[in-house]
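What follows is each chain in one-letter form.
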Amino acid sequence: AQKITQTQPGMFVQEKEAVTLDCTYDTSDQSYGLFWYKQPSSGEMIFLIYQGSYDEQNATEGRYSLNFQKARKSANLVISASQLGDSAMYFCAMREIYGGSQGNLIFGKGTKLSVKP
Amino acid sequence: NAGVTQTPKFRILKIGQSMTLQCTQDMNHNYMYWYRQDPGMGLKLIYYSVGAGITDKGEVPNGYNVSRSTTEDFPLRLELAAPSQTSVYFCASSYSVSGSGNTIYFGEGSWLTVV
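Parameters and conventions
Numbering of residues begins from 1 in every chain and follows the order in which that chain's sequence is written. Written order determines the labels here, with chains lettered from A and ligands numbered from 1. Where local features are concerned, this predicted model is filtered to residues with pLDDT of at least 70; where side-chain atom pairs are given and counted, the filter is 80 or more; whole-chain, interface and lining totals use all residues. To obtain the side-chain values, all non-hydrogen atoms of the structure were included, while hydrogens and water were left out. Numbered from the N terminus, helices here are DSSP runs of H or I no shorter than four residues, and strands are runs of E no shorter than two. As defined in this context, the radius of gyration uses C-alpha atoms, and a globule is described by 2.2 Å times the residue total to the power 0.38. Each residue is assigned to one of three classes by its accessible area relative to the maximum for its type, calculated with a 1.4 Å probe on protein chains only: buried under 20%, partly exposed between the two thresholds, exposed over 50%. Between two residues, a contact is recorded if the distance between any of their heavy atoms is within 4.5 Å. In this tally, Asp and Glu contribute negative charge and Lys and Arg positive charge; neither His nor the terminal groups of the chain are included. Positions of charges follow a simple convention, taking NZ of Lys, CZ of Arg, CG of Asp or CD of Glu. Lining residues are those with an atom within 4 Å of a point, where the points come from a 1 Å grid over the protein atoms alone and group into cavities, where a 1.4 Å probe fits but cannot get out, or pockets, open sets with protein on both sides within 12 Å along at least five of seven lines. Grid points are joined across faces, edges and corners, and a volume is the space filled by probe spheres set on the points. When residue character is reported, Ala, Val, Leu, Ile, Met, Phe, Trp, Tyr, Cys and Pro are called nonpolar, Asp, Glu, Lys and Arg charged, and the others, Gly included, polar. Cysteine sulfur atoms that pair up within 2.5 Å are treated as a disulfide. When DSSP finds two or more bridges between a pair of strands, those strands are recorded as paired. Note on geometry: axes are C-alpha line fits, over the in-contact stretch for helices, and angles between N-to-C directions span 0 to 180 degrees. Residues grouped as a nonpolar core are buried Ala, Val, Leu, Ile, Met, Phe, Trp, Tyr and Cys residues, joined through side-chain atoms within 4.5 Å. Polar contacts here mean pairs of N or O atoms no more than 3.5 Å apart (in protein, one a potential hydrogen donor and the other a potential acceptor; neighbouring residues in sequence count only if both atoms are side-chain atoms). Salt bridge, as applied in this entry: a Lys or Arg side-chain nitrogen positioned within 4 Å of an Asp or Glu carboxyl oxygen.

Draft legend 1. A look at the overall build of chain A. Across its full length, chain A holds zero helices and 12 strands. Put simply, chain A runs from its N terminus to its C terminus through helices and strands in the order β-β-β-β-β-β-β-β-β-β-β-β. Here chain A has a C-alpha radius of gyration of 14 Å; the compact-globule value for 117 residues is 13 Å, and the two agree. Along the first, second and third principal axes, the C-alpha set of chain A runs to 45 × 30 × 20 Å. Across the 117 residues in chain A, those meeting the buried criterion constitute 51%. Summarising the internal contacts of chain A: among those between residues at least 6 apart in sequence, 55% fall at separations of at least 24. The averaged location of the 11 negative side-chain charges in chain A is 6 Å from the averaged location of its 11 positive side-chain charges.

Here you go:
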């Protein structure tokens, strides 16, 4: 069964420093996608970054990068040069391409990131 | 720049009442989803649709119904509201499940309280 684990309920980081949010996943499918979403206090879900299971390069989007270690089944989000506006909940999610769930996203429980000035 | 639009944003229901959460997307997406998010938790799938006329249950479908008569619209119906349905509801959509169109985009959420 597919599962996403985020072991850090809360994290603190100093403004302008980098931070890594952990995510491990479990799936028996060979084809899947990994996503990170940001949820600020206003509640909307904002797409940050995507990594496909066959992508050889780690995904990057501006200050966000995804440290993909397939053998370890981990997909950690790295945020460089943290800003106060990065304070939010962060969710890791996985989507099986050919699984029976028709591409449904399975979410972890999230990590609450707080950026200190 | 509409994307995924949900209405209403906030609603208070009395126990036993019914209501429909509306969701529409203007991106010609085939896949549409309804999730709920309980406090301090991740999102759980209620129902999904892979195209007009095709819907199926997700992880937590009890107490809900959906329809998909058009590509754009995917309303969620709550019948006989119960306090356990107090939650934040998100509608989401994507063009495909693989390739460049597989990003799932979310609406802004609908806060529902059942009292």
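Draft legend 2. Seen up close, the layout of surface pockets. By volume, the largest pocket is sized at about 380 Å³. Contributing elements (two or more residues each) for the lining of the largest pocket: strand 10 (88-96) of chain A together with strand 9 (87-94) and strand 11 (110-114) of chain B. The volume enclosed by the second largest pocket comes to roughly 300 Å³. Along its surface, the second largest pocket is lined by 17 residues, and A:Ile4, A:Ile106, A:Phe107, A:Gly108 and B:Lys44 are the ones closest to its centre. Those elements that place two or more of their residues in the lining of the second largest pocket are strand 1 (3-5) and strand 11 (105-107) of chain A together with strand 5 (43-51) of chain B. Among the residues forming the lining of the second largest pocket, the class breakdown is seven nonpolar, six polar and four charged.

Draft legend 3. Structural context of the state of the cysteines. Residues and elements named next belong to chain A. Scanning the entire structure with this criterion turns up two disulfides over all chains. Two residues, Cys23 and Cys92, share a disulfide whose sulfurs are 2.0 Å apart. Taking the torsion about the sulfur-sulfur bond, which here is approximately -65°, the covalent link between Cys23 and Cys92 counts as left-handed. In this pair, Cys23 is assigned in the loop between strand 3 (19-21) and strand 4 (24-26) and Cys92 in strand 10, connecting sequence segments 69 residues apart. Per residue, the accessibility class of Cys23 equals that of Cys92, and both read buried.

Draft legend 4. Highlighting the sheet that holds strand 8 (residues 76-78) of chain B. All names here are of chain B. Judged by pairing direction, the sheet is antiparallel, and its four strands sit side by side in the order 1-3-8-7 without closing on themselves. Two strands lie at the open edges of the sheet, namely strand 1 (4-7) and strand 7 (64-66), each paired on one side alone. If you compare each strand with its neighbour and ignore which way they point, the axes differ by 20° on average. Taken together, the three bridges between strand 7 and strand 8 define a ladder with antiparallel strand orientation.

Draft legend 5. The nonpolar core, seen in detail. All names here are of chain A. Counting 26 residues, the largest nonpolar core has Leu21, Tyr25, Trp36, Ile49, Leu77, Tyr90 and Leu113 as its most contacted members. Of all the secondary-structure elements, those providing two or more residues to this core are strand 2 (10-14), strand 3, strand 5 (32-39), strand 6 (46-52), strand 8 (64-69), strand 9 (74-79), strand 10 and strand 12 (111-116). Of all the elements, strand 10 adds the most residues to this core, at four residues.

Draft legend 6. Fine view of the side chain of A:Gln6. All names here are of chain A. Residue position: Gln6 is located in the loop between strand 1 and strand 2. In this structure the side chain of Gln6 is engaged in a polar contact, spanning 3.1 Å, whose partner is the backbone oxygen of Tyr90. In this structure the side chain of Gln6 is engaged in a polar contact, spanning 3.0 Å, whose partner is the backbone nitrogen of Cys92. Not counting residues within four places of it along the chain, the set of residues in contact with Gln6 comprises Asp22, Trp36, Tyr90, Phe91, Cys92, Gly108, Lys109, Gly110 and Thr111.

Draft legend 7. Region of interest: the pattern of salt bridges. A complete count under the given rule lists five salt bridges over all chains for this structure. One salt bridge connects A:Asp26 with A:Lys73, and the closest N-O pair in it is separated by 3.6 Å. In this pair, A:Asp26 is assigned in strand 4 and A:Lys73 in the loop between strand 8 and strand 9, connecting sequence segments 47 residues apart. The partly exposed category is assigned to A:Lys73, whose relative accessible area is 28%. The salt bridge partner of B:Arg77 is B:Glu79, with a shortest N-O separation of 3.2 Å.

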